[in-house]
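Reading the structure
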There are 2 protein chains.
Amino acid sequence: MPNSNCEQAIWELEVGSWELTRIHQEVRRTVRRHGLCPPGSRVLIGISGGSDSVALTLLLLDLAANNEFSVVSLAHLNHQLRPSAERDEAFCRDLAARHGLPIVVERVDVKEYGSSHGLSLEDAGRRVRYDFLGRAAAEADATRVAVGHTQDDQAETFLLKLMRGAGLTGLGGIYPRRGLIVRPLLDISRADLRAYLVGRGEAWMDDESNDDVENPRNRVRHVVLPELDRTARGATRPAIARAAALVREDGEWLDELSRGRFEALATVTPDGVELDAPALAAEPPPVVRRVLLEAMRRAAGGREVGLDHVEAARAILCGNGRGADVPGSRVELRRGKLVLVRQKGASK
Amino acid sequence: MPNSNCEQAIWELEVGSWELTRIHQEVRRTVRRHGLCPPGSRVLIGISGGSDSVALTLLLLDLAANNEFSVVSLAHLNHQLRPSAERDEAFCRDLAARHGLPIVVERVDVKEYGSSHGLSLEDAGRRVRYDFLGRAAAEADATRVAVGHTQDDQAETFLLKLMRGAGLTGLGGIYPRRGLIVRPLLDISRADLRAYLVGRGEAWMDDESNDDVENPRNRVRHVVLPELDRTARGATRPAIARAAALVREDGEWLDELSRGRFEALATVTPDGVELDAPALAAEPPPVVRRVLLEAMRRAAGGREVGLDHVEAARAILCGNGRGADVPGSRVELRRGKLVLVRQKGASK
């Protein structure tokens, strides 16, 4: 009964898995559950030299040796940010050589890129990295790009989004797969990965910038999560990461459903967007909110739409008030239509 | 266009609200958005003597004076737990007298109740309290029971559920309305409520047990949330509470949808539950999980069903493996049916 739902189910009974350790089995379960490396896929691995990506490389090589996909190349981006950048690059080149793998290396001045594009160092790093991985995949003729995000990253991202108020547009954390990018370690803790590396006698490069608790992600990692563990008297990352995955799946499906409802109920005009008001009001609140968000984004000309704007439009939809100004447009109810009229030069 | 969706929309444009302060308007917005005190409703207020419930009493009296519902009584439960219990009861009686309101008071030995029913002090307190409020409502002929949960409680509950791994069965925190119980302060911070009381020159009773950081909720309140605020460099409770409300609404609707799908796809037999496998497998994962959870709960005879059990059943549904033992039953695929066979005396 293979279908899109089953693609994501867990294989519980495995054949020929006796030679794999528990951590291999856990990675394979994630890989199979989300269809990360389907038969015949050619996987490129993004590697920084840190414990997560080194463990990813070794684990995927083991699974590939025994399995249906192949690891075709490593790819390392030298950010030129840290004093250790040269050491990290040399380490990655050596790892590739030891395993007979090609490695694509690029050097980018991330600081320069960030300031010339008006991006924070973190945002600049992310954009430069994924652009690079896309090019490296094309060069290596890879069909998948594996990156080392772990259960820890998942829990940290969820908490960061939660405290920043991302409830309307997706609290759900990191996707196991998005386009070419796949994340086989998303259910594995960093502690388990490090224990695995230590057990194999493998080294990795520490990233000293991860210790700076002025950075919010590091503060979540080194202060908030340990405090949650103390409160719960046990490890909380697995529970948080699991909740993040479930919330993400709920939200993804509601998003998809709502896109369909938007297509059915909306007419995009040169002046803005019109929605069939009685039909929209009959939908459940999670769908109404998402349809309104989509309509308002289309009329907003790049301005940010928030929960308050969505709720103001919901009130108009229900006949409470005659109109509301929202980013880039005005919302009104006109003869059975909820109309978003784009405002020329409207202020936010 | 009044319907169940619109009942929950925010009234943005208000008439005659000039005499109400911002905090009154915020409470009224929550009350109207969720239909907490519809026209003609008779509201009983549960009061402990703490800042939240004292502010609730004063705010609802103000709204009632100017509005369509009435406050018919206060209700105070003397838990007999703390040295301050007598003082708190006297304070509540006095508050009622000052406002010319009747007050229902009961004394219960919560510690005794907890140990004789095998419940934690917190669980015993909750059960005894809601039982009491139900009786008090009947006595006062009330149609609603208002309790003082705040935005802070909402954020704390969300974090507690998150760290305990409640992702499968509802992360969404506190409901604004459930049966008779309504929570008009759910969008208001405790800090704002205390500032309001101070501004009015009103006193409240401090609950010294709220300071014990060995209690997980208190630790979240006094240690974890301030640490999140430091990380985000600002107040995080509003964002967390808002996310909790949105996740709750998404989950509630998916639960409702899934109950409908369960009814359509399941046959409950004397031996267990049968599900139409191809039809179920065609549903999206959020619905599949909830239908399986419901089926497994029915066959589990009170045993707890977790995410791993649901995922094991999903794997069987997709043809991966011949069967799995789950709490109280065995899951198998038989001629187009996913069958949960109740196991007599099956171990957990």
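Bear in mind the structure is a predicted one, so any value in this text is a computation, not a measurement.

**A look at the interface of chain A and chain B**
Facing 68 residues of chain A, the contacting portion of chain B comprises 67 residues. The contact between chain A and chain B buries some 5700 Å² in all, and 68% of this surface belongs to carbon and sulfur atoms. Residue Glu227 of chain B is joined to Arg219 of chain A by a salt bridge in which the shortest nitrogen-to-oxygen separation is 2.8 Å. If you look at where chain A meets chain B, you find 8 residue pairs in polar contact (both at pLDDT 80 or more). Where the side of chain A that touches chain B is concerned, the elements lending two or more residues are helix H6 (151-164), helix H8 (216-232), helix H9 (237-265), helix H10 (277-281), helix H11 (285-299) and helix H12 (307-317) of chain A. Sort the elements by how many residues they give to the side of chain A that touches chain B and H9 of chain A lands first, with 11 residues. Across the side of chain A that touches chain B, the residue classes break down as 42 nonpolar, 10 polar and 16 charged.

**Regarding the relation of the copies chain A and chain B**
If you rotate chain A by 180 degrees and push it 0.0 Å along the axis, it lands on chain B with an RMSD of 0.0 Å. Given the turn and translation reported, the copies of this chain are related as if by a two-fold rotation axis. For chain A, the minimum C-alpha distance to the rotation axis belongs to Val224 of chain A and amounts to 3.3 Å. The overlap is high: 99% of the interface residues of chain A also sit at the interface in chain B, so the same surface is used on both sides.

**Concerning unusual backbone geometry**
Most peptide bonds take the trans form, and the phi angle of most residues other than glycine is negative. Not every positive phi belongs to a glycine, and Arg233 of chain A is a case in point at roughly 55 degrees. Within the fold, Arg233 of chain A resides in the loop between H8 and H9. For Asp141 of chain B, which is not glycine, the phi torsion reads 55 degrees and is therefore positive. In this fold, Asp141 of chain B is placed in the loop between helix H5 (121-139) and strand E4 (144-146).

Scoring rules and cut-offs
Residues numbered from 1 in each chain as written. Chains lettered and ligands numbered in written order. Predicted model: local features only at pLDDT ≥ 70, side-chain atom pairs only at ≥ 80, totals over all residues. Heavy atoms only, no water. Contact = heavy atoms within 4.5 Å. Buried area = accessible area lost by both parts, 1.4 Å probe. Salt bridge = Lys/Arg side-chain N within 4 Å of Asp/Glu carboxyl O. Polar contact = N/O pair within 3.5 Å; in protein donor to acceptor, adjacent residues only side chain to side chain. Helix = DSSP H or I, 4+ residues; strand = E, 2+ residues; numbered from the N terminus. Nonpolar A, V, L, I, M, F, W, Y, C, P; charged D, E, K, R; others polar. Least-squares fit on C-alpha atoms with pLDDT ≥ 70 in both.

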